Each structure stands twice: as structure tokens, then as C-alpha cells.
Amino acid sequence: AQSVTQLDSHVSVSEGTPVLLRCNYSSSYSPSLFWYVQHPNKGLQLLLKYTSAATLVKGINGFEAEFKKSETSFHLTKPSAHMSDAAEYFCVHNAGGTSYGKLTFGQGTILTVHP
Amino acid sequence: SAVISQKPSRDICQRGTSLTIQCQVDSQVTMMFWYRQQPGQSLTLIATANQGSEATYESGFVIDKFPISRPNLTFSTLTVSNMSPEDSSIYLCSVVRGGGVSTDTQYFGPGTRLTVL
């Protein structure tokens, strides 16, 4: 079965410092992976997705993620955190095929940004 | 993208009652999905709702507890029946836009925050 594991339930950074949110996946074939963000009392927003066209994926708001097959990872990064980045982030897998659209969510990582 | 609205945005209900949540999409979509997010938890898929057919439920979810309607290509409802405090969650609907491949983007509604007393 396919799954995603977010390695940190909470990450705390200072404003202006780099952000690293870790995600490992388990899949028997090339996965479709996404990062979503959920701000407090707001809906889920797509940050970026891996489509196999490039291993380094750029998303909105300065976020990037690198797909590393050898490490089965899809970590989310941002060079410089902003206060508005404080939210919960989900690494998500879509198996496709007969499971088209049935997303599997990681446990979520809450990002706190300190002034 | 897709614009999705849900009603109600939140509700507080008594044990044993039922609540119907509505999901409206700004354009026609074949597949709609319902997810649950329990307090402090991640999202879990409840069921897939296709227009013109019965909803398909994931393991652990049954039609008697979560009946779903899909009367047309822009609308769906999820009912949470005979509620208990364990049903207190955020319920979200979503749709997929794309060419039918696994990299298609899924868009989510704002969610319905349900509290059962």
C-alpha cells in the first residue's frame, strides 16, 4: 500500500531563516506527490506537485520540493520563512489508476514562525 | 482551478441527530470526494461520489452512517447520521480537475466544522 510519512509533527523557525518540512513516501511505482497548506480556519491550498517532469518542483509563495527517488523523499523547503507561512502542511500521495483522486494524507506538520 | 462552497460552515448538534452538509462547485465535475478531519488529525477519505451512481465508501465508513447524494455534476450532499461526539470533525468536499491522471490537482472546499454535544 502507498503511504506518506511526515517526519516532524511540529517545526519551529525564526522569521527569515530556512524552512525544511520532511516527507517520505512508500510506493511501488513512480508516485504522484503534492504539498498542501492549511491556514487556521481556512481551506486547503495546493503549494506544489510532483509530476515527474522535473525533480525540483517550484510552488507558490517561494516554496520548493525536491523529489529524491533514492531516498524516497519529497521534502518541502523555503529559503526564508515569513510570519504568514505559519500553518499546517500536508504531504499527499495520489495512487492514480483505480484509486484515481483518492488522496492519502501524511499526518501533517505544524509550522510555527517566531518573530 | 475550482471554486467550491460548503454549507453550513459550522454547526453544533445534539447527540442522536443528523446533519446534512452541502457542497457546490462552480462548474461540472465528474468525481467529488468527501473527507473527514478529526481534531488534531490528518484528512481521511470517506467516499467518492460520482453523478449517476452510488457513492463508493472507504474502509471504516458505511452508507447508513454517511449517506451521500449526487443529483447533478455541480452538487453533492453528505449526511452525518445519528451523531455522537466522536463525529465532531471538519468535513471537506473536493473535486479533481485534469486529464484523468494521478497528477491532477484536487481542490478542496472550506470545510464544515461539526461539533456534537
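Relevant structure appears above.
Everything quoted here is computed from the prediction, not taken from an experiment.

Enquirer: Before we move on, can you summarise the packing of aromatic side chains with the specific residues and values?
Expert: Within the structure shown, the criterion is met by 13 aromatic pairs over all chains. Taking 5.8 Å as the distance between ring centres and 80° as the angle between the ring planes, the aromatic pair formed by Phe90 of chain A and Phe105 of chain A counts as edge-to-face. With Phe90 of chain A in strand 10 (residues 87–96) and Phe105 of chain A in strand 11 (residues 99–105), the pair connects residues that are 15 residues apart, well separated along the chain. Considered together, Phe90 of chain A and Phe105 of chain A belong to a single accessibility category, that of buried residues. Note on Tyr35 of chain B and Phe108 of chain B: the rings are 5.5 Å apart at their centroids and 55° apart in plane angle, and the pair reads as tilted. Taken together, the residues Tyr35 of chain B in strand 4 (residues 31–37) and Phe108 of chain B in strand 10 (residues 105–108) connect sequence positions 73 residues apart. Phe108 of chain B matches Tyr35 of chain B in its accessibility class, with the two residues each being buried. An aromatic cluster of three or more residues is present, and its members are Phe34, Tyr36, Phe90 and Phe105 of chain A together with Tyr35 and Phe108 of chain B.

Enquirer: An account of the state of the cysteines is needed here, citing residue identities and associated values.
Expert: Taken as a whole, this structure holds 2 disulfides over all chains when the rule is applied. Note on cysteine connectivity: Cys23 of chain A is disulfide-linked to Cys91 of chain A, with sulfurs 2.0 Å apart. Across the disulfide from Cys23 of chain A to Cys91 of chain A, rotation about the S-S bond amounts to roughly -65°, and the bridge is consequently left-handed. Placement of the pair is Cys23 of chain A in strand 4 (residues 23–26) and Cys91 of chain A in strand 10, with a sequence separation of 68 residues. Cys91 of chain A shares its class with Cys23 of chain A; the two are buried. Disulfide pairing places Cys23 of chain B opposite Cys93 of chain B at an S-S distance of 2.0 Å. Classification of the bridge connecting Cys23 of chain B and Cys93 of chain B rests on its S-S torsion, roughly 75°, and on that basis the disulfide is right-handed. You can see Cys23 of chain B sitting in strand 3 (residues 19–25) and its partner Cys93 of chain B sitting in strand 9 (residues 89–97), a full 70 residues away along the chain.

Enquirer: Which residues make up the interface of chain A and chain B, and what are the values?
Expert: At the interface, 22 residues of chain A touch 23 residues of chain B. Interface of chain A and chain B: buried area, both sides summed, is about 1,800 Å²; carbon and sulfur atoms make up 53% of it. On the chain A side of the interface with chain B, the three residues burying the most area are Leu44, Tyr100 and Lys102 of chain A, jointly 33% of the side's total. Counting across the chain A and chain B interface gives 1 salt bridge. Among the salt bridges present, the one from Glu58 of chain B reaches Lys102 of chain A, with a minimum N-O distance of 3.3 Å. Inspection of the region where chain A meets chain B yields 6 residue pairs in polar contact (both at pLDDT 80 or more). Elements represented by at least two residues in the side of chain A that touches chain B include exactly strand 5 (32–38), strand 6 (44–50), strand 10 and strand 11 of chain A.

Enquirer: I'd like a description of the sheet that holds strand 3 of chain B, backed by residues and values.
Expert: Residues and elements named next belong to chain B. Here 4 strands make up an open sheet; going across it, the order is 1-3-8-7 and the pairing antiparallel. Across the chains shown, the open sheet's two edge strands, defined by having one partner strand only, are strand 1 (4–7) and strand 7 (68–72). Each neighbouring strand pair of the sheet contributes to a mean axis angle of 15°, computed without reference to strand direction. Pairing of strand 7 with strand 8 (residues 75–80) involves 3 bridges; the strand directions are antiparallel. Pairing of Ile68 across the sheet is with Leu78, part of strand 8.

Enquirer: A description of the pattern of salt bridges should follow, citing residues and the corresponding values.
Expert: Within the structure shown, the criterion is met by 6 salt bridges over all chains. As a salt-bridge pair, Arg22 of chain A and Asp8 of chain A come within 2.9 Å of each other at their nearest N and O atoms. Placement of the pair is Arg22 of chain A in the loop between strand 3 (19–21) and strand 4 and Asp8 of chain A in the loop between strand 1 (3–6) and strand 2 (10–14), with a sequence separation of 14 residues. On the basis of relative accessibility, which here comes to 19%, the residue Asp8 of chain A falls in the buried class. Measuring nitrogen to oxygen at the nearest pair gives 2.6 Å for the salt bridge that ties Lys65 of chain B to Asp87 of chain B. With Lys65 of chain B in the loop between strand 6 (56–57) and strand 7 and Asp87 of chain B in the loop between strand 8 and strand 9, the pair connects residues that are 22 residues apart, well separated along the chain. Classification of Asp87 of chain B by relative accessible area gives buried; the value is 5%.

The rules behind these values
Residues numbered from 1 in each chain as written. Chains lettered and ligands numbered in written order. Predicted model: local features only at pLDDT ≥ 70, side-chain atom pairs only at ≥ 80, totals over all residues. Heavy atoms only, no water. Phe/Tyr/Trp six-rings, centres within 6.5 Å; stacked < 30°, edge-to-face > 60°. Helix = DSSP H or I, 4+ residues; strand = E, 2+ residues; numbered from the N terminus. Buried < 20%, exposed > 50% of the residue type's maximum accessible area, 1.4 Å probe, protein only. Disulfide = S-S within 2.5 Å. Contact = heavy atoms within 4.5 Å. Buried area = accessible area lost by both parts, 1.4 Å probe. Salt bridge = Lys/Arg side-chain N within 4 Å of Asp/Glu carboxyl O. Polar contact = N/O pair within 3.5 Å; in protein donor to acceptor, adjacent residues only side chain to side chain. Pairing = 2+ DSSP bridges. Axes fitted to C-alpha atoms, helices over the stretch in contact; angles between N-to-C directions.

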